[in-house]
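# Summary of the model geometry
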Amino acid sequence: GVIGQLVEHIHLIVLVHGLGGSDLDMQKIKNWIGCTAAFRTENVNDTTEKINFHVVTSLRDMSSDIATLGHSLSEELRVVFLRNQRNLRRISVIAFSLGGVILRAAIEDKSIAPYYHLFHCLITFSTPHLGLLYPNSTLVHSGMKILQNFQKYQCLQQLMFKDATNIQDTY
């Protein structure tokens, strides 16, 4: 940087919603982080850190399978990373429910591999990382049945291990 000027580094926080969600679902988390970050200032060696948020938009239609949704998410993330590339120093991701499973599929995509070294934090809330083969809750089990009756989500079929007849062949 130029002597006497602060270099602004970016900490990009990506918010990933769950099934049937929208950017409004992540608004409380975004507001809370924004409020707490306002009290924290870092000015070390003529650098300062600015927090930028990105709320995922590529997951509006979740009727596809997890791998396809993951690829779509990785493409969106790659574009966002490129847009912020000049000053991008850290990437944190907060995901909710099915968004966390799709995020894991996206991270495996090689298109964002050049940014792996920038990943700082990954937080998932209510994410069924092990699937929903035996839901503990009658409410969850009933909700899944209702969703499957109204909308045939391939990703839910995969979460419930019903995308193949042999469980070892499931996603």
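Let me sum up the structure you'll find in this document. All of these numbers come straight from a predicted model, not from anything done at the bench.

To continue, consider the nonpolar core. With 33 residues, the main nonpolar core has Val14, Val16, Leu73 and Phe81 as its most contacted residues. Breaking this core down by element, the ones donating at least two residues are β1 (7-16), α2 (66-83), β4 (88-96), α3 (98-107) and α5 (154-159). Excluding residues within four positions of it along the chain, Leu73 makes contact with Val16, Val56, Ser58, Ile102, Leu103 and Ala106. Formed by seven residues, the second largest nonpolar core is a distinct cluster that contains Leu15, Met26, Val55 and Ile94.

Each aromatic ring pair is summarised here by two numbers: the centre-to-centre distance and the angle between the ring planes. Inspection of the entire model under this criterion finds three aromatic pairs. Plain terms: the ring middles of Phe81 and Phe119 are 6.1 Å apart, the flat faces sit at 80° to each other, and that makes the pair edge-to-face. Residue Phe81 is found in helix α2, and its partner Phe119 is found in strand β5 (residues 119-125); the two are separated by 38 residues along the sequence. Both rings, one in Tyr116 and one in Phe119, keep their centres 6.4 Å apart while their planes meet at 65°; by these two values the pair is edge-to-face. Judged by its relative accessible area of 24%, Phe119 is partly exposed. Each residue in the set Phe81, Tyr115, Tyr116 and Phe119 is aromatic and connected to the rest through ring pairs, giving one cluster.

So, how was this worked out
- Residues numbered from 1 in each chain as written.
- Predicted model: local features only at pLDDT ≥ 70, side-chain atom pairs only at ≥ 80, totals over all residues.
- Heavy atoms only, no water.
- Core = buried A, V, L, I, M, F, W, Y, C linked by side-chain atoms within 4.5 Å.
- Buried < 20%, exposed > 50% of the residue type's maximum accessible area, 1.4 Å probe, protein only.
- Helix = DSSP H or I, 4+ residues; strand = E, 2+ residues; numbered from the N terminus.
- Contact = heavy atoms within 4.5 Å.
- Phe/Tyr/Trp six-rings, centres within 6.5 Å; stacked < 30°, edge-to-face > 60°.

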